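Remarks on the overall topology
The primary structure of each chain is shown beneath.
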Amino acid sequence: MIEIDNVNILRIAIAKFLADFPEKAINLHSHAAIQVLSGELSEAVDRYRYQNRNVIAFKPSMDDRYDVSDIVTHNGGKIPALTVRDAEDIYKHLAESDEVYDVVAVDEAFLIEGVCDVLRWLYSKGVTIVVSTLDLSAACNPFDEVRKMMPWATHVEKCPAVCPVCSKDAY
């Protein structure tokens with residue numbers, strides 16, 4: 001006979017919690033150059049939508065290179081997104097929304113102050129997180145928000161750029 005004590009009760013509670021969120025993850029795609037990142041994010045978002053998961057995407061308001069609101073890939077793909085100045089804007093939108101989201105995607109996370117805290121909080125609530133971001137500045141210094149996110153990521157994909165001189169991978 002199995003003795004039920006506090007440790008076993010905690011194990012059962014954790015197992016039930018994890019069973020409710022089998023797809024929960026923090027996927028971080030980092031790159032040495034901006035060119036591939038949005039494409040990786042687009043593929044992940046497409047896959048989650050194909051799985052009938054409810055996805056919402058955010059991008060920094062200062063990133064208006066290709067479109068003011070959509071995340072745009074270099075091959076022309078688009079992801080509808082909400083623009084945010086900081087993590088508070090993400091909290092505010094999710095709190096005011098009638099929708100419940102299974103997946104939150106964030107493009108160019110290094111430009112959104114406080115994003116790590118809001119994404120960790122969402123992850124703790126069972127939301128799958130997909131992040132596309134540069135990890136290092138041109139001076140090879142890690143961006144603070146990305147540095148804080150790395151230990152929480154359940155999957156990190158480092159996407160190299162291609163060196164225009166020698167055609168080898170460039171990190």
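We now turn to the structure provided with this report. (Residues numbered from 1 in each chain as written. Predicted model: local features only at pLDDT ≥ 70, side-chain atom pairs only at ≥ 80, totals over all residues. Heavy atoms only, no water.)

Its location among the elements puts Asp107 in strand β6 (residues 103-107). Under the relative-accessibility criterion, Asp107 is labelled buried at 2%. Looking at Asp107, its side chain comes within polar contact range of the side chain of Ser132, at 3.5 Å. (Helix = DSSP H or I, 4+ residues; strand = E, 2+ residues; numbered from the N terminus. Buried < 20%, exposed > 50% of the residue type's maximum accessible area, 1.4 Å probe, protein only. Polar contact = N/O pair within 3.5 Å; in protein donor to acceptor, adjacent residues only side chain to side chain.)

Time to look at helix α3 (residues 87-96). Regarding α3, the residues found buried are Ala87, Asp89, Ile90 and Leu94. Buried positions in α3, seen along its axis, are confined to an arc of 155° and lie on one side of it. More than 90 degrees from the buried face of α3, the exposed residues found are Glu88, Ala95 and Glu96. Where α3 starts, the residue carrying a side-chain oxygen 3.1 Å from the main-chain nitrogen of Glu88 turns out to be Asp86. (Arc of directions from axis to C-beta.)

Before going further, it helps to spend a moment on the pairing of strand β7 (residues 128-134). The buried fraction of β7 amounts to seven of the seven residues, a majority that puts the element mostly inside the structure. Of the two faces of β7, both are covered, the one formed by Thr128, Val130, Ser132 and Leu134 as well as the one formed by Ile129, Val131 and Thr133. One ladder, built from five bridges, connects β6 with β7; its direction is parallel. By the bridge assignment, Val104 is partnered in β7 with Ile129. Crossover connection from β6 via helix α4 (residues 115-124) to parallel β7: handedness right-handed. (Pairing = 2+ DSSP bridges. Right-handed = clockwise from strand over helix to strand, strands pointing away.)

With that settled, consider the environment of Trp121. Residue position: Trp121 is located in helix α4. C-alpha of Trp121 to C-alpha of Tyr91: the two residues are 30 residues apart in sequence and 9.9 Å apart in space.

Glycine aside, a negative phi is what most residues show, and trans is what most peptide bonds show. Positive phi, normally seen in glycine, also occurs at Asn52, with a value near 60°. In this structure, Asn52 sits in the loop between α2 (37-50) and β2 (55-60). For Asn52, a relative accessible area of 71% gives the class exposed. Notably, Glu108 is not glycine yet its phi reads approximately 50°, a positive angle. Following the sequence through the fold, Glu108 ends up in the loop between β6 and α4.

Another aspect to go through is the pairing of β2. Of all the six residues making up β2, six are buried; the element is thus mostly covered by neighbouring parts of the structure. Burial along β2 is two-sided: the face carrying Val55, Ala57 and Lys59 and the face carrying Ile56, Phe58 and Pro60 are both buried. Sheet topology places β2 next to β6; four bridges connect them, and they run parallel. Of the residues in β6, the one forming a bridge with Val55 is Val103. Bridging between β2 and strand β5 (residues 82-84) involves three bridges; their strand directions are parallel. Residue Pro60 lies in a different strand from β5, and its bridge partner there is Val84.

Another point: the packing of α3 against α4. Where α3 meets α4, the axes come as close as 8 Å, and the angle between the chain directions of the two elements is 35°. Across the interface between the two elements, Ala87, Ile90, Tyr91 and Leu94 from α3 touch Val115, Asp117, Val118, Trp121 and Leu122 from α4. (Axes fitted to C-alpha atoms, helices over the stretch in contact; angles between N-to-C directions. Contact = heavy atoms within 4.5 Å.)

The next point concerns the environment of Leu94. Its location among the elements puts Leu94 in helix α3. Classification of Leu94 as buried rests on a relative accessible area of 18%. A C-alpha to C-alpha distance of 9.4 Å links Leu94 and Ile56, two positions 38 residues apart in sequence. When residues no more than four places from it in sequence are discounted, the contact partners of Leu94 are Ile56, Phe58, Tyr101 and Leu122.

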